[in-house]
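# Structural features, examined
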Amino acid sequence: MEFKSLTNIESSFRRIRMMLLSFVCCCTLATGYALWSSYRFAERQREKIYVLDGGKSLMLALSQNLSQNRPAEAREHVRRFHELFFGLSPQKDAIEHSINRALQLADKSAYHYYVDFAEKGYYNRLISGNINQVLQVDSVVCDFSGYPYKR
């Protein structure tokens, strides 16, 4: 006499193990595909850069090589520093904010210029005279022949 209930239990366990193994394989494949596609998407996004057109509109540009964009980035960096450092309004808070933003774009030498101007009372004269100083950069020339870049 054969126990059918035991063979049914054993075959049920075998069937459950096969289903579990196939489910784990499907999950592994889905996870692998998700990782592969996310890395591929991230690589494609790294090839894109966004450019401000005169500080007004955002344009999409594609980059093949990082060194191609370096001159434009350096010129814009220098131009922005000079606008922030020398374009001042007659309010103390606005001057401090503008100078702090400019000093984040420069090295220690810009800080020394700031200290010299402050010691000579340049900023106090701007405030007391209610002078609004505006700087408009017309051109920036940088030397890219050696690193660090010279302006």
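In what follows, the accompanying structure is described. Predicted model, so just to flag it, every value in this text is computed and none were measured.

Scanning the entire structure with this criterion turns up nine aromatic pairs. Each ring, one from Phe-117 and one from Tyr-122, has its centre 5.2 Å from the other, and the planes form 35 degrees; the classification is tilted. The class of Tyr-122 is partly exposed, set by a relative accessible area of 23%. Here the aromatic residues Phe-81, Phe-85, Phe-86, Tyr-111, Tyr-114, Phe-117, Tyr-122 and Tyr-123 are joined through ring pairs into a cluster of three or more.

This next bit is on unusual backbone geometry. Of note in this structure, Asn-130 is not a glycine but carries a positive phi near 55 degrees. Relative to the helices and strands, Asn-130 resides in the segment after α5 (122-128).

A few words on helix α3 (residues 92-103). Helix length check: α3, at 12 residues, gives a terminal C-alpha distance of 16 Å against a target of 16 Å (1.5 Å per residue), a fit within 8%. Turning to α3, its buried residues are Ile-95, Ser-98, Ile-99 and Ala-102. End-on view of α3: buried residues confined to an arc of 100 degrees, all on one side of the axis.

Phe-81, Leu-84, Phe-85, Leu-88, Ile-95, Ile-99, Ala-102, Ala-110, Tyr-123 and Leu-126 form the largest nonpolar core, which has 10 residues in total. The set of elements that each furnish at least two residues to this core consists of α2 (66-86), α3 and α5. If we ignore the near neighbours within four places in the chain, the residues touching Ile-95 are Leu-88, Ser-89, Tyr-123 and Ile-127.

This part is about the state of the cysteines. Overall, the coordinates contain zero disulfides when judged by the stated rule. Distance from the sulfur of Cys-26, which forms no disulfide, to the nearest cysteine sulfur (Cys-25) is 7.0 Å.

All told, the structure shown has four salt bridges when counted by the stated rule. Among the salt bridges present, the one from Arg-79 reaches Glu-83, with a minimum N-O distance of 2.4 Å. Of this pair, Arg-79 and Glu-83 both sit in helix α2, four residues apart, which is roughly one turn of the helix. Taking the shortest distance from any N to any O, the salt bridge between Arg-80 and Glu-83 comes out at 3.5 Å. You can see Arg-80 and its partner Glu-83 sitting in helix α2, three residues apart, about one turn around the helix. Since its relative accessible area comes to 30%, Arg-80 is described here as partly exposed. Counted as one network, the salt bridges with shared partners bring together Glu-76, Arg-79, Arg-80 and Glu-83.

In this section: a nonpolar patch on the surface. Residues Ile-9, Phe-13 and Ile-16 make up a contiguous nonpolar surface patch of about 310 Å² in total accessible area. You can see Ile-9 is positioned in helix α1 (residues 4-46).

Among the structural elements, His-82 can be located in helix α2. Residue classification places His-82 among the buried positions, given a relative accessible area of 18%.

Conventions and cut-offs
- Residues numbered from 1 in each chain as written.
- Predicted model: local features only at pLDDT ≥ 70, side-chain atom pairs only at ≥ 80, totals over all residues.
- Heavy atoms only, no water.
- Phe/Tyr/Trp six-rings, centres within 6.5 Å; stacked < 30°, edge-to-face > 60°.
- Buried < 20%, exposed > 50% of the residue type's maximum accessible area, 1.4 Å probe, protein only.
- Helix = DSSP H or I, 4+ residues; strand = E, 2+ residues; numbered from the N terminus.
- Expected span 1.5 Å × (residues − 1).
- Arc of directions from axis to C-beta.
- Core = buried A, V, L, I, M, F, W, Y, C linked by side-chain atoms within 4.5 Å.
- Contact = heavy atoms within 4.5 Å.
- Disulfide = S-S within 2.5 Å.
- Salt bridge = Lys/Arg side-chain N within 4 Å of Asp/Glu carboxyl O.
- Patch = residues over 30% accessible without salt bridge, like charges linked within 9 Å, V, L, I, M, F, W, Y side chains within 5 Å.
- Areas by Shrake-Rupley, 256 points an atom, 1.4 Å probe, with all protein chains shown as cover.

Limitation: the analysis is restricted to geometry and does not speak to function.
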